[in-house]
Structures are given as structure tokens and as C-alpha cells.
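# A structural walkthrough
For reference, the chains in residue letters:
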Amino acid sequence: MEAVVDATDLEKTYGETVALSGASLSVAQGEVFALIGPNGAGKTTLVRALTGTVEPDGGTATILGASPSAVDRDRLGVLPQEFSPPARLSARELLAYYAGLYDDPRDPADVLADVGLVDAGDTWYENLSGGQRRRVCVGSALVNDPDLLFLDEPTTGIDPAGRRTVWRLIEDLADAGTTVVLTTHDMAEAEHLADRVGLLADGSLVAQGPPADLVREYGGSSRLTVETTADPDSFADLEYPVERPQRGRNRTPEEAVVVREIDPAAIEGVVDYLEDRDIAYTGLSWAEPDLEDVYLSLAEPTERERTRRLEGGGESGDAAADDSDLAQAGETA
Ligand SMILES: Nc1ncnc2c1ncn2[C@@H]1O[C@H](COP(=O)(O)OP(=O)(O)OP(=O)(O)O)[C@@H](O)[C@H]1O
């Protein structure tokens, strides 16, 4: 099938800062592709390069068979990371306004319902909560019923129920044939939504593939987390590898020891081991590896290297590009 998004070796530098360094990806029609990666990895720059608001220094990109700056804007939807619509229009008026920019938009009332905002539809944008504002922005990005939709951190600030609403919306769009490229820091979101995930680190896509494949390849082994203040050395006689929890991992207590490569059936043996040696613990939890493990094993080393380089060199760049440019890319009919 012909790729809807096709990029090869994209490069972009800002002064001394390398934002994109040979980024290549290809996204097929109806696919949901999630870009993940640390702050500053280049996700927004890649989205901008693919939507025609940043001119790459090198490489090539086509979307919907055209150059990003020449693509038919009726077929493209873009939600920038930061987007400030007129503050004194209600959610309903804003969606009607954005719908009016296109030849054949969706019914804005349907979009309002799809993003779960009927009750707050008559509230001015400036009086909506952060999560409600983000939902209006998501709605405005897809009001033209695009064939290709870019969503830069669509659910940031949205509560768990609202996030599910947006997830369902994205799933329905993809089922109907819309191609979706999104960025997220929420590994559960990437794992839930994406057919394929691309991990961007230091401007390059260091891994891409279906979440389950990435977990198999890079996620490492299962983890038994023992909440304890005991030293990992006191676990030395266990027949499994033992380590401190990975820095930055969600929901893993700081004071813990992680036992690797252990089957659930063998947990009882660990409990006996702890009790035989009077090692106090306050909890035990077992987990299969997930996308967060992939992220930590691939992005963390690159990130440490980048920080080391920046501390040695220093960062510079030109004035920050205005995200309203990006909004414009998706809005201008
Ligand atoms: N207009 C600009 N001028 C100067 N530097 C820029 C500009 N845009 C991006 N950068 C730099 O390029 C790098 C990549 O930024 P980018 O916004 O693409 O990262 P990101 O992965 O989207 O980060 P985040 O997760 O924080 O949104 C960063 O070091 C950033 O400071």
C-alpha cells in the first residue's frame, strides 16, 4: 500500500542544536503511528517538518503524495502542541468557525459531542478548564474530516475519562481510514492506540514497530518489585538477577529491589527467602515488561549522552517558531 507519510533522512538544526538527525519513517493509510521520546528529542520538529511549517535542512518528505507545503489543506488536520484559539468564543462557536474554513467539513455539533463537550458547549474558551480546552483543540483539528491527522500531545491535561473519549475518537477515525500520527509522553496511550510506535531520541528514530514487537525486542525481562529498604546485596543468594529500580519509571517506589527474569510461580520462593533472612518488605508486585521499559532502555542512554554533550558545549538556537503557524497549516482551507 502506498505510504501516506513518507520521510527519509530528515535533518534540522537550530544553531548548535540538532533537532532532527536523519529521521526516516513511513506511515500507511489508516495506521496510527505514535512518536515517543524524551523532551527535546525532536518530536514536534518532526511533526512540523511533516506538516510544512518547518523547512528541513536535508532529507525528503511527502504527505498524501505531495510536498508538505503543497498538500491540499482540506485533507490535512493538525493539532499543534500549543494552540491558542480566540478566547472569547464558546466551544460551539469555535468549532463552527474552524468548520467554516473548509469546503466540506463535518457537522461541528457532532464534533462537539465526539469530544464530550456538549454540556460546556456555550462556555467561552477562556473559561473552560485546561482539559476542556484541549478537547476543543482536538475537535478543531479534525473538524475538516481529514485523511491525515497530526496530533501533537493530544491528551495532555485531559482527565482519564476524557482521555478515553479522545482515544475512542482516534480509534474510530483510524477504523474509517484516517491516518493518524500523534506524539505522546503517555506510554499507555502509545501502547493502547498505536499500530506502530517510533521512538525518537536525539533527533533520530532509534526504533520503530508494533508496541508488542518493541517490548519483545527491547523490553527486557519480567520484574518482581520488592518494596524494601534492604540493600540489593542481601538478595545476592537468589538465583535471579537483582537491581535497583530504573530511575524515572512510573509507579515504582524509590525504595525497592527489582528481581528480574522470574516466573509468577517462583514468587513464593522469594517470599520464603525474605522471611528466612528476616528481610523486611512492605509490598511485592510482579509485571511483564511494557513500552515504558523499551523507552527507558533505549531513550535513557541517548538522553544521558545528550545531556553530557550539552553540559560540555551549550545550546543555542534561533527564535522559537510560533505554533500558530502550525495551527494555520491545518486550518487554512
Ligand atoms: N524554533 C526553534 N529554535 C531553536 N531551537 C529549537 C526550535 N524548535 C525546536 N528547537 C530545539 O530542537 C530540539 C527539539 O525540540 P522539539 O520541540 O522538536 O522536541 P520534542 O521532542 O517535541 O520535545 P517535547 O517532548 O518537550 O515537546 C530542542 O532542543 C529544542 O530546544
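What counts and how
Residues numbered from 1 in each chain as written. Predicted model: local features only at pLDDT ≥ 70, side-chain atom pairs only at ≥ 80, totals over all residues. Helix = DSSP H or I, 4+ residues; strand = E, 2+ residues; numbered from the N terminus. Buried ≥ 20, exposed ≤ 12 C-beta atoms within 10 Å, placed from the backbone. Pairing = 2+ DSSP bridges.

### Here we look at the overall build of the chain
Helices and strands together make up the secondary structure of the chain, namely ten helices and 13 strands. Considering only C-alpha atoms, the chain reaches an extent of 75 × 45 × 40 Å along its principal axes. Among the 333 residues that make up the chain, the fraction classed as buried is 41%.

### Looking at the pairing of strand β6 (residues 148-152)
Each regular strand displays side chains that alternate between the two surfaces of the sheet. Across the five residues that make up β6, a large majority, five, are buried. The side-chain alternation of β6 yields two buried faces, one formed by Leu148, Phe150 and Asp152 and the other by Leu149 and Leu151. In this sheet, β6 lies alongside strand β5 (residues 76-79) in parallel orientation, the contact comprising four bridges. Across the sheet, residue valine 78 finds its bridge partner in β6, namely phenylalanine 150. Taken together, the five bridges between β6 and strand β7 (residues 179-183) define a ladder with parallel strand orientation. Residue pairing for β7: leucine 149 is matched across the bridge by valine 180.

### A word on the pairing of strand β12 (residues 256-260)
Taking burial as the measure, the five residues of β12 include four buried ones, the bulk of the element. As judged from the five bridges shared by strand β10 (residues 223-227) and β12, these two strands associate in the antiparallel manner. By the bridge assignment for β12, arginine 223 is matched with arginine 260. In the sheet, strand β11 (residues 242-243) pairs with β12 via two bridges, with the strands oriented antiparallel. In the sheet register, glutamate 243 faces β12, and the bridge partner there is valine 258.

Read these as layout, nothing more, since geometry by itself doesn't imply function.
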